[in-house]
Amino acid sequence: MWTACAHIITVAIGAGVLSLAWAMSQLGWFAGISILLLFSMISLYTANLLADCYRYPNPVTGRRNYSYMEAVKAILGETKCLICGWIQYGNLTTFAIGYTITTAKSLVAIQKSSCHRKNPNASCRFSNNPHMIGLGIVEIFLSQIPNFHKLSWLSTIAALMSFAYASIGIGLSIQKMIYGREGTTSVIGVGIEADLSTSEKVRKMFTAAGAIAFACTYAQIVVDIQDTLKSSPSENKVMKKANIIGVSVMTTFFLMCSCFGYAAFGNHTPGNLLAGFGYQEVSWVIDMANLFIVIDLVGAYQVLAQPVFRVIETWATKKWPKSDFVNTEYPIGIAKKKLKINLFRLFWRTGFVVIVTVVSLALPFFTDMIALLGAVGYWPVVVYFPVEMHIVRNKIGKRTMRWFGLQCLSLLCFLISLAAASGAIEGLIKNLHTYKPFMSKD
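What comes next concerns the included structure. Keep in mind that what you see is a predicted model, and the values were worked out from it rather than measured. Along every chain, residues carry numbers that run from 1 in the direction the sequence is written. Reporting in this predicted model follows two pLDDT cut-offs: at least 70 for local features of residues, and 80 or more for side-chain atom pairs to be given and counted; totals over whole chains, interfaces and linings ignore these cut-offs and use all residues. In computing side-chain properties, one takes all heavy atoms of the structure into account and sets aside hydrogens as well as water.

### Side note on the environment of A122
Then, in step 1: Here a strand is any run of E in DSSP of at least two residues, a helix any run of H or I of at least four, and the numbering for each starts at the N terminus. On the secondary structure map, A122 appears in the loop between α4 (78–118) and α5 (129–142).
Then, in step 2: When the C-alpha positions of A122 and K112 are compared, they lie 9.5 Å apart, and in sequence the two are 10 residues distant.
Then, in step 3: It only takes one pair of heavy atoms within 4.5 Å for two residues to be counted as in contact. In this structure, A122 is in contact with C115 and H116, ignoring residues within four places of it in sequence.

### Some thoughts on a nonpolar patch on the surface
Then, in step 1: A grouping of L37, L38, M41 and L412 is seen on the molecular surface, where their side chains present a nonpolar patch of about 330 Å² in accessible area.
Then, in step 2: It is helix α2 (residues 20–51) that provides the largest number of residues to the nonpolar patch, a total of three residues. A patch consists of residues whose relative accessible area exceeds 30% and which take part in no salt bridge; residues with like charges are grouped when within 9 Å of each other, and nonpolar side chains (Val, Leu, Ile, Met, Phe, Trp, Tyr) when within 5 Å. Computed with the Shrake-Rupley method and a 1.4 Å probe, the accessible areas treat only the protein chains shown as cover for residues. We define a salt bridge as a contact between a side-chain nitrogen of Lys or Arg and a carboxyl oxygen of Asp or Glu at a distance within 4 Å.

### So, the packing of aromatic side chains
Then, in step 1: Between rings of Phe, Tyr and Trp, where Trp is taken as its six-membered ring, a pair exists when centres lie within 6.5 Å; planes separated by under 30 degrees are stacked, by over 60 edge-to-face, and by other angles tilted. Counting across every chain of the model gives 14 aromatic pairs.
Then, in step 2: Relative to F344, the ring of F325 lies with its centre 6.2 Å away and its plane at 85°, an arrangement referred to as edge-to-face. Of this pair, F325 sits in helix α11 (residues 324–327) while F344 sits in helix α12 (residues 343–362), and the two are 19 residues apart along the sequence.
Then, in step 3: Note on W379 and F414: the rings are 5.0 Å apart at their centroids and 65° apart in plane angle, and the pair reads as edge-to-face. Taken together, the residues span a long stretch of sequence, with W379 in helix α13 (residues 366–393) and F414 in helix α14 (residues 401–432) at a distance of 35 residues.
Then, in step 4: The rule is simple: take the accessible area with a 1.4 Å probe, protein chains only, and divide by the maximum for that residue type; under 20% is buried, over 50% is exposed, in between is partly exposed. W379 sits in the partly exposed class, given a relative accessible area of 23%.
Then, in step 5: The rings of W379, Y384, F385 and F414 are connected pair by pair, giving a single aromatic cluster.

### Considering the environment of G397
Then, in step 1: Along the polypeptide, G397 turns up in the loop between α13 and α14.
Then, in step 2: In this structure, the C-alpha to C-alpha distance between G397 and S231, residues 166 residues apart in sequence, is 31 Å.

### Here's the deal with the packing of α4 against helix α10 (residues 283–319)
Then, in step 1: The axes used here are C-alpha line fits, helices contributing only the stretch in contact, and every angle between their N-to-C directions lies in the interval 0 to 180 degrees. Running from N to C, α4 and α10 cross one another at 160°; their axes reach a closest spacing of 9 Å. In terms of orientation, α4 and α10 fall into the roughly antiparallel class. By crossing handedness, the relation of α4 to α10 is classed as left-handed.
Then, in step 2: Residues were grouped as follows: Ala, Val, Leu, Ile, Met, Phe, Trp, Tyr, Cys and Pro as nonpolar; Asp, Glu, Lys and Arg as charged; and all remaining residues, including Gly, as polar. A per-class count over the contact of α4 with α10 returns 19 nonpolar, eight polar and two charged. Note on angle classes: values under 35 degrees are labelled roughly parallel, values over 145 roughly antiparallel, values of 65 to 115 roughly perpendicular, and the remainder oblique. Crossing handedness is defined as follows: a turn of the near helix away from the far one that is anticlockwise and smaller than a right angle gives a left-handed crossing, while the clockwise case is right-handed.

Structure below.
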């Protein structure tokens, strides 16, 4: 169970936690805290629905579904399975691209900090490209870890790093609250000022709500995590306990980061909490936090990529069951350790990492694309499919009170996704005007 908790924390408490203080500043105390708690509860609820879908028709003794797609296929049919697969694996791939870009930016932040310490007046602009390429090389080696079962050590380290940099953000925010805040806070967040129209205020509020919703989810890999659990006690009961622990830890850290960050910076809260502390006497602490982010994202990359690796490798095994290239494991010895190399796995996973790295180099503003795809993918993957599978599995009748309640939940999340998507599209349009491929600098 603790390994499952580590997987959940690694994915849920990503670098996105540092943007939640900005989201709180846009929404204000009441709406910000309410929305964060609401989406944490939605995440826990739908994750528990998925836990009961690992086996079907009986959640304890039924046939195993080894992936999210298999669960959708078994319960909702082939057509919805294909739709789910394109959305789920497309989302996971774009997250890998986003992690590559974010890792590079964190390493550049460390470079800039060192540069400013040596020469406070220097412009200190550095290319992201060497860092993206370096990460790609590291991920090529790590991607040869065969499956989730062998990933527990990396996931545990990444989870510890999540705690570390989130704690640093919280600690620096508390320090800033004690020694002098920036700006004021309010119940409604950033007010409508001369340079902020009503429409812009509403757009930013929707974007902030979307950022909180996306930060609170890990549904894409719930079934894959559950597949690592032993069958006794029953997987669904253990997974539900892991969900409760993981979401409780996630929500606690999210509340602390967002509330303390907003209290420290007020209406001037930056998009990345660490960026608000500048390059002053705490620069070494911020450098440490950025290093922790890098280590965390290296692990989170693998946790999110494993389902993508698995679906292609499972398909290849079924397509060519007698192929040595696809199915044979070749033992090799490295430093007195025996490892097994599969040629198809080696070439396919290396190709995946190379493509992700090249796209990251070509589209350094891909975070806006990720926001768009995250918005598009959030509703179907996190809410729609779990709810529909729950309805079918439990034979909930249409137009009953329970059915209406589930449909209202689905509609609410659909509207949030739609609003967040509109904000992401606007960001993409702005970035396209200044787009220069393979020339990203910070």
